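# Survey of secondary and tertiary structure
What follows is each chain in one-letter form.
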Amino acid sequence: MTKASIVGAGLIGRAWAVVFARAGREVSVWDPDEATRSGFAAAVTADLDVLERAELVADAKAIAARITVAETLDACLSGTSFVQENGPEKVEVKTALFRELDRLAPPDAILASSTSAIVASLFTEGLAGRGRCLVGHPVNPPHLIPLVEVCGAPWTDPAVVERAVEVYRAVGQTPVTVHKEMEGFVLNRLQGALLAEAFRLVEEGVIGAEDLDLTLTDGLARRWSFIGPLATIELNAPGGIPDYCARYTGFYKRLAASPAGPEVYEEAQVARLLESWPHAAEPERLAARAAWRNTRLAALAAHLAEAPKAG
């Protein structure tokens, strides 16, 4: 693959541009919003500066030089072999967008969507080239967290799925193949289960919001950063997974019988959670959010840079 096309240049699209460009690919970026196109170069340069300061890339200027902004979708797709779409999370928007991608992209180019929850069959069924369409769902931000869920529609050519996996692996990501369409795929279904319980625990006053986050960052996340939950229980009992289930799943069965429900996301419950969120109060919270996000991304980059040394 020599050229990648990034369609949709917001936070996810910008990160994808970095992923492909730092792997040596020429990258063309397009967004329907003129202001986003105009501000893209400065924004991606800032992202690369963070990576360079953390010593996660060696030559930010050379990487940025491989990224160009196209003024039209046609120009962005010309000569491409891989398209990563990052449009709004709406079926009707993706349907219209993929119709254009299928019409304009070279016939052998893979068309991948970064959608977080919408399965590909909902927006590719009527396309002549539907066999080359799939989901390549990243974890935000993909230039720092490598996982990509690759999931085709029932009509996606299996060879296209294999090629997509090879492309993602070649640019430094960690692709996993999702064999069956399911809303939210795998990562967001796991995250959704954890979030619902987190909302319930904070809303019911069991724990504060910041301590809830610390339970993950200094607890489960540290373990899960190198060993997953299934491998954990395999090693957590002398007889492996069957032994663990026999010994310890009484609580989990009771928890599964009374899961957190959709009411945890209602306005009143969310308001109570925000009362426990310590970083800033409304309306200052939203104004401070961008600066706080950039600080956390810089901290994540620095953490990732240190991780190999710690190992």
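Here's a quick rundown of the structure. (Residues numbered from 1 in each chain as written. Predicted model: local features only at pLDDT ≥ 70, side-chain atom pairs only at ≥ 80, totals over all residues. Heavy atoms only, no water.)

## Considering the environment of Glu234
The residue Glu234 is located in helix α10 (residues 229-235) in this model. Relative accessible area serves as the criterion here: at 38%, Glu234 is assigned to the partly exposed category. With 10 residues separating them in the primary sequence, Glu234 and Tyr244 have C-alpha atoms 7.2 Å apart. For Glu234, the residues in contact, after removing those within four places along its chain, are Gly240 and Ile241. One polar contact links the side chain of Glu234 to the main-chain amide nitrogen of Ile241, over a distance of 3.1 Å. (Helix = DSSP H or I, 4+ residues; strand = E, 2+ residues; numbered from the N terminus. Buried < 20%, exposed > 50% of the residue type's maximum accessible area, 1.4 Å probe, protein only. Contact = heavy atoms within 4.5 Å. Polar contact = N/O pair within 3.5 Å; in protein donor to acceptor, adjacent residues only side chain to side chain.)

## Brief notes about unusual backbone geometry
The step from Asn140 to Pro141 runs through a cis peptide bond, and the omega angle for that step is 0 degrees. Positionally, Pro141 belongs in the loop between β6 (133-138) and β7 (147-152). Phi at Glu55 is positive, roughly 60 degrees, even though this residue is not glycine. Within the secondary structure, Glu55 sits in the loop between α2 (34-53) and α3 (60-65). For Phe185, which is not glycine, the phi dihedral falls at a positive 55 degrees. For Phe185, the location among the structural elements is in the loop between β8 (174-177) and α8 (187-203).

## Considering the state of the cysteines
On inspection of all chains with the given rule, the structure shows 0 disulfides. There is no disulfide at Cys76, and the cysteine sulfur nearest it, in Cys133, is 16 Å away. Given a relative accessible area of 0%, Cys76 falls into the buried group. Cys133 takes part in no disulfide bond, and the closest cysteine sulfur to it belongs to Cys151, at a distance of 13 Å. Given the relative accessible area of 0%, Cys133 is considered buried. (Disulfide = S-S within 2.5 Å.)

## Observations regarding the nonpolar core
Formed by 37 residues in total, the largest nonpolar core has its most connected members in Phe20 and Tyr168. Core analysis: the second largest hydrophobic core is formed by 24 residues, Leu73, Val83, Leu97 and Ala105 among them. (Core = buried A, V, L, I, M, F, W, Y, C linked by side-chain atoms within 4.5 Å.)

## Considering the packing of aromatic side chains
Between two aromatic rings, the relevant description is the distance of the centres plus the angle of the planes. Applying the stated rule across the entire model yields 8 aromatic pairs. When the centroid spacing of 5.8 Å and the interplanar angle of 40 degrees are considered together, the rings of Phe20 and Phe82 count as tilted. Taken together, the residues span a long stretch of sequence, with Phe20 in helix α1 (residues 11-22) and Phe82 in strand β4 (residues 82-85) at a distance of 62 residues. You can call Phe20 buried: its relative accessible area is 0%. Taken together through their ring pairs, the aromatic side chains of Trp16, Phe20, Phe82 and Tyr168 make up a single cluster. (Phe/Tyr/Trp six-rings, centres within 6.5 Å; stacked < 30°, edge-to-face > 60°.)

## Considering the environment of Leu230
In this structure, Leu230 sits in helix α10. C-alpha separation for the pair Leu230 and Gly240, spaced 10 residues apart in sequence, amounts to 9.9 Å.

## A word on the pattern of salt bridges
For the structure on display, the rule yields 9 salt bridges. Ionic pairing is found between Arg103 and Glu100, a salt bridge with its closest N-O pair at 2.7 Å. Of the two residues, Arg103 and Glu100 are both situated in helix α5 (residues 91-104); the distance of 3 residues between them amounts to about one turn of the helix. For Arg103, a relative accessible area of 56% gives the class exposed. The class for Glu100 is partly exposed, based on a relative accessible area of 28%. Measuring nitrogen to oxygen at the nearest pair gives 2.8 Å for the salt bridge that ties Arg247 to Asp243. A residue pair is termed a helical-turn pair when its members lie 3 or 4 positions apart in one helix, as Arg247 and Asp243 do in helix α11 (residues 240-257) at 4 residues. (Salt bridge = Lys/Arg side-chain N within 4 Å of Asp/Glu carboxyl O.)

## Quick notes on the sheet that holds strand β2 (residues 26-30)
With mixed pairing, the 8 strands of this open sheet are ordered in space as β3-β2-β1-β4-β5-β6-β7-β8. Only two strands of the sheet have a single neighbouring strand rather than two, namely β3 (67-69) and β8. Each adjacent strand pair in this sheet contributes to an overall mean axis angle of 25 degrees, direction not counted. Examined bridge by bridge, strand β1 (residues 3-7) and β2 share 5 bridges and lie parallel to one another. By the bridge assignment for β2, Lys3 is matched with Glu26. Its contacts with the sheet place α2 against β2 and β3, and it is angled at close to 160 degrees to β3. (Pairing = 2+ DSSP bridges. Axes fitted to C-alpha atoms, helices over the stretch in contact; angles between N-to-C directions.)

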